[in-house]
Amino acid sequence: MAGKTLYEKIWDQHVVRDNGDGTALLYIDRQLVHEVTSPQAFEGLRLAGRKLWRVDANLATPDHNVPTTDRSKGIAGIEDPISRLQVETLDQNCAEFGVTEFKMDDIRQGIVHVIGPEQGATLPGMTVVCGDSHTSTHGAFGALAHGIGTSEVEHVMATQTLVQSKSKTMLISVNGEVNAGITAKDIVLAIIGETGTAGGTGYAIEFGGDAIKALSMEGRMTVCNMAIEAGARAGMVAVDQKTIDYVEGRPYAPKGEQWDLAVKAWADLHSDADAKFDEVINIDAASIKPQVTWGTSPEMVVGVDQKVPDPANEKDDVKREGMVTALNYMGLTANTPMNEISVDKVFIGSCTNSRIEDMRAAAEVAKGRQVASNIKLALVVPGSGLIKKQAEEEGLDKIFTDAGFEWREPGCSMCLAMNADRLEPQERCASTSNRNFEGRQGQGGRTHLVSPAMAAAAAIKGHFVDVNELIK
Amino acid sequence: MEKFTSLKAIVAPMDRPNVDTDAIIPKQFLKSIKRSGFGPNLFDEWRYLDHGEPGKDNSGRPLNEEFILNQKRYNGAQILIARENFGCGSSREHAPWALLDYGFQVIIAPSFADIFYSNSFKNGILLIKLDADVIEQLFNDVAANEGYELAVDLENQTITKADGSVIKFDVDEFRKHRLLNGLDDIGLTMQHVDDIKAYEQRRSAEAPWLF
Ligand code: SF4
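What counts as what
- Residues numbered from 1 in each chain as written.
- Chains lettered and ligands numbered in written order.
- Predicted model: local features only at pLDDT ≥ 70, side-chain atom pairs only at ≥ 80, totals over all residues.
- Heavy atoms only, no water.
- Helix = DSSP H or I, 4+ residues; strand = E, 2+ residues; numbered from the N terminus.
- Buried < 20%, exposed > 50% of the residue type's maximum accessible area, 1.4 Å probe, protein only.
- Contact = heavy atoms within 4.5 Å.
- Areas by Shrake-Rupley, 256 points an atom, 1.4 Å probe, with all protein chains shown as cover.
- Lys, Arg positive; Asp, Glu negative; His and termini not counted.
- Charge placed at Lys NZ, Arg CZ, Asp CG, Glu CD.
- Salt bridge = Lys/Arg side-chain N within 4 Å of Asp/Glu carboxyl O.
- Polar contact = N/O pair within 3.5 Å; in protein donor to acceptor, adjacent residues only side chain to side chain.
- Near = heavy atom within 4 Å.
- Nonpolar A, V, L, I, M, F, W, Y, C, P; charged D, E, K, R; others polar.
- Buried area = accessible area lost by both parts, 1.4 Å probe.
- Axes fitted to C-alpha atoms, helices over the stretch in contact; angles between N-to-C directions.
- Parallel < 35°, antiparallel > 145°, perpendicular 65-115°, else oblique.
- Left-handed = near helix turned anticlockwise from the far one by under 90°.
- Core = buried A, V, L, I, M, F, W, Y, C linked by side-chain atoms within 4.5 Å.
- Phe/Tyr/Trp six-rings, centres within 6.5 Å; stacked < 30°, edge-to-face > 60°.
- Pairing = 2+ DSSP bridges.
- Right-handed = clockwise from strand over helix to strand, strands pointing away.

*Asks:* I would appreciate a short explanation of the overall build of chain A in the present structure.
*Replies:* The helix and strand inventory of chain A stands at 15 helices and 19 strands. On the principal axes, the C-alpha backbone points of chain A span a range of 55 × 55 × 45 Å. Residues classed as buried in chain A amount to 65% of the 472 residues present. The contacts in chain A between residues at least 6 apart in sequence include a share of 75% that link residues at least 24 apart. When the accessible surface of chain A is split by element, carbon and sulfur atoms take 47% of a total near 15800 Å². Distance between charge centroids for chain A: 1 Å, based on 46 positive and 65 negative side chains.

*Asks:* I keep staring at the side chain of Glu 8 of chain A and nothing clicks. Help me out?
*Replies:* Residue and element names in this part refer to chain A. The topology assignment puts Glu 8 in helix α1 (residues 6-14). As a buried residue without a salt bridge, Glu 8 has its nearest oppositely charged side chain in Lys 166, at a separation of 4.9 Å. At 2.9 Å, the side chain of Glu 8 forms a polar contact with the backbone nitrogen of Thr 5. Beyond its immediate chain neighbours, meaning those up to four positions away, Glu 8 contacts Gly 3 and Lys 166.

*Asks:* What's the story with the site of the ligand in this structure? I'm lost.
*Replies:* The full set of residues close to the ligand is His 64, His 113, Asp 132, His 134, Ser 350, Cys 351, Cys 412, Cys 415, Leu 416, Asn 434 and Arg 440 of chain A. Looking at side-chain class alone, the shell around the ligand contains four nonpolar, five polar and two charged residues.

*Asks:* Would you explain the interface of chain B and chain A in this entry?
*Replies:* By a frequent convention, interface size equals the accessible area lost on bringing the separate parts together. Between chain B and chain A, the contact holds 56 residues from the first and 74 residues from the second. Across the chain B/chain A interface, buried area totals approximately 5500 Å², and carbon plus sulfur atoms make up 57% of it. Taken together, the links from chain B to chain A amount to six salt bridges. Ionic pairing is found between Asp 195 of chain B and Arg 17 of chain A, a salt bridge with its closest N-O pair at 3.2 Å. Scanning the region where chain B abuts chain A turns up 32 residue pairs in polar contact (both at pLDDT 80 or more).

*Asks:* Is there a simple way to think about the packing of helix α12 (residues 356-366) of chain A against helix α14 (residues 396-403) of chain A in this case?
*Replies:* How two helices sit against one another is set out by the angle between their axes and by the gap between those axes. Residues and elements named next belong to chain A. The contact between α12 and α14 brings their axes to 9 Å, and the two run at 40°. By the angle between their directions, the pair α12 and α14 is classed as oblique. Of the two elements, α12 crosses α14, and the hand of that crossing is left-handed. Facing Ile 356, Met 359, Arg 360, Ala 362, Ala 363 and Ala 366 of α12, the residues of α14 in contact are Leu 396, Ile 399, Phe 400 and Ala 403.

*Asks:* Explanation requested: the nonpolar core in the structure shown.
*Replies:* The nonpolar side chains of a soluble globular protein tend to be buried with one another. In this structure, Phe 405 of chain A together with Phe 43, Phe 86, Leu 99, Ile 108 and Leu 126 of chain B are the most contacted members of the largest nonpolar core, which totals 115 residues. When residues in this core are grouped by element, the largest group, eight residues, is from helix α15 (residues 452-461) of chain A. Beyond its immediate sequence surroundings of up to four residues, Phe 405 of chain A is in contact with Ile 348, Ala 366, Val 371, Ala 378, Val 380, Phe 400, Ala 456, Ala 459 and Ile 460 of chain A. Formed by 68 residues, the second largest nonpolar core is a distinct cluster that contains Ile 182, Ile 212, Leu 215 and Leu 269 of chain A.

*Asks:* What is the right way to read the packing of aromatic side chains from this model?
*Replies:* Any two aromatic rings considered together are summarised by their centre-to-centre distance and by the angle between their planes. On inspection of all chains with the given rule, the structure shows 19 aromatic pairs over all chains. Taken together, a centroid distance of 6.3 Å and an interplanar angle of 90° make the contact between Trp 266 of chain A and Trp 209 of chain B edge-to-face. Remark: Trp 209 of chain B occurs in the segment after α8 (193-206) and Trp 266 of chain A occurs in helix α10 (residues 256-266); the pair is interchain, linking two chains. In this structure, Trp 266 of chain A and Trp 209 of chain B share a single accessibility class: buried.

*Asks:* Just checking my understanding: could you explain the sheet that holds strand β7 (residues 166-168) of chain B for this structure?
*Replies:* Consider a sheet: its strands pair through backbone hydrogen bonds, and that pairing is either parallel or antiparallel. All names here are of chain B. The strand order β4-β3-β2-β1-β5-β6-β7 describes an open sheet built from seven strands, whose pairing is mixed. Each edge of the open sheet is held by one strand with a lone partner, namely β4 (126-129) and β7. Going from strand to strand, the sheet's axes swing by 30° on average, the running direction of each strand aside. When strand β6 (residues 158-160) meets β7, the two strands line up antiparallel, connected through three bridges. By the bridge assignment, Thr 160 is partnered in β7 with Val 166. On the sheet, helix α4 (residues 114-122) packs against β3 (106-109) and β4 and is oriented at approximately 140° with respect to β4.

*Asks:* Is there a simple way to explain the pattern of salt bridges in this structure?
*Replies:* Pairing is possible between side chains that carry opposite charge, provided their charged atoms lie close to one another. Residue and element names in this part refer to chain B. Going through the model one piece at a time under the given rule, you end up with 40 salt bridges over all chains. We note a salt bridge from Asp 22 to Arg 92, for which the minimum N-O separation is 3.3 Å. Of this pair, Asp 22 sits in helix α1 (residues 21-24) while Arg 92 sits in the loop between β2 (79-82) and α3 (94-102); the two residues are 70 residues apart in sequence, bridging distant segments of the chain. Like Asp 22, the residue Arg 92 is buried in the burial classification.

*Asks:* What's the story with the side chain of Asp 185 of chain B in this structure? I'm lost.
*Replies:* Residue placement: Asp 185 of chain B occurs in helix α7 (residues 185-190). Of note is the side chain of Asp 185 of chain B, whose polar atom sits 2.7 Å from the side chain of Lys 122 of chain B. Not counting residues within four places of it along the chain, the set of residues in contact with Asp 185 of chain B comprises His 155 of chain A together with Lys 122 and Arg 178 of chain B.

*Asks:* Just checking my understanding: could you explain the packing of α3 of chain B against α4 of chain B for this structure?
*Replies:* All names here are of chain B. Where α3 meets α4, the axes come as close as 9 Å, and the angle between the chain directions of the two elements is 50°. With respect to α4, the element α3 is oriented oblique. Crossing of α3 against α4: the hand is right-handed. Between α3 and α4, the residues in contact are Ala 95, Pro 96 and Leu 99 and Phe 116, Asn 119 and Ser 120, respectively. Across the contact of α3 with α4, the residue classes tally to four nonpolar, two polar and no charged.

*Asks:* Please clarify how the pairing of β3 of chain B should be interpreted in this entry.
*Replies:* Side-chain direction in a regular strand flips from residue to residue, so the side chains alternate between the two faces of the sheet. Residues and elements named next belong to chain B. Of the two faces of β3, the one carrying Val 106 and Ile 108 and the one carrying Ile 107 and Ala 109 are both buried. Pairing geometry for β2 and β3, over three bridges, is parallel. If you follow Ile 81 over to β3, its bridge partner there is Ile 108. Regarding topology, α3 serves as the crossover connection from β2 to the parallel β3, and that connection is right-handed. By the bridge criterion, four bridges tie β3 to β4 in an arrangement that is parallel.

Set out below in structure tokens:
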């Protein structure tokens, strides 16, 4: 018998019952909760008179609506009354149902996908869900993690299970070593450029190969974060010593005897050498350049040394029209060199790139330099209160503010502009987030996805530039 | 959940690939703590010329006359035909809520994003995947005939065109069953409470750090 993939191993360990109709009831070990996709789920429970099946499996924090400026007034400081109500509703629901919540004024508050791993609430081998598509992030720990809708959030709250059909499996192997200045973000953008945004639909993707193994846990989280942009609900990376070292000692991680037991079990959390994937894609790490998106879908991406693609060269009708629409929206002309495109705002943050390593990479570029005069706003938004604190201890905040960046409080911020941080129509942004959809960062706003170092470089130069020109 | 059995209705075309859930229902409307009332803001940024906000009266807002759903001939459409990877991006269930609230009960496309796919069925929307060339023909038919209708029959898994020709479609058995009967997932799972408890007992012995 052929060996098993990592996905199949975790799947098998979590089947509560085979429904006999192509679906299984899958046990969920951890649910993360935030204010946007949970109110209707709590309301559903309330209406049906149901309780949470396992209160301790849930962990909540507000992130999407929280202001990133002064927090001293707490919830009362959220100016938009509708945003405020949503955060208040989360507080009330968590209190009523007994769910642990890191509230707005808690130093542990942050973007839900940052705090799960930071707290050790995300562990290898777990099934992790959250009403948010970027739950794929947690797969970096060798967990099966995916986003769900609000009906499913309610289902997990009530039953600790989900009805699921098995995904197909895909291995994306990034072989060899990346060049200088290439980060996890460039790797994943290059992957999406290759597979397309629908390439992973129906699959659980495992990322492997030397270049993935060489990444830190932060880097692996960045890659898995964007599995959803490749169309896959779940992305994952095998467990190794780095995973275990990262988890050890975190507040929610097992301790003592339990830790030893867990580590022993986690040793098996990798695909067997003879496991069969439904699809295998190989990518040469050395071929990856610093990436910049040019369109309104993450697959519309090129190296910074390239030009804006010309729709005239696209043979597929639907794709060509899509390109024309995108260029129109982005206010770009085909064949413009990417490094001649100037930007108005810079955003460093989001669940893709707001961890300490991202802060350090951006600070390295910003250090001793000044934000270009054409930049109206350069924002750095750490992913959690604890990251903010650590960065401040390392003096990174000072580097940023000296260079002319704003240093903010943790949250989703301008990744989706649900709070006050947003683009004005036609403003162009170098952003470390994960989606460049129309209007994502503000109606009419134009988003280019890049790595933290590339975003910082764009802030300093005022236009896109190969980060290697600034770090030698 | 409402049942879905069959529907004969006007078809509207959404002729672009990768329509994402941010476009279907922009983020400012996600601040609602309710499940209903999203219809007037479906495709808000494409549909109106001004900026929409929750709580704003939509009746007097300037319409983008070029946007497909604002064309009179598609008034009352309940079937949407679309291009590949429809519903990609954010997992927001507000997207199917908005589509349903607007009136769409069936969406036909070459492919759908995974999370959107399951979210839609959970809300009683039938998603049908057809080959791209079959869909291309539907786009042509819709463009050529004002008031173009299709008849969708879930039990028999058929779409019948005005000329009487029939397109067969596939759908997972379990999704079909739930939709036809309007079954509540949580209620169904609750029938297996003993299995869940047995699993927890077994698993907590094997992996105690998870409990
Ligand atoms: S940072 Fe952006 S992508 Fe991540 S959870 Fe927040 S809004 Fe979603």
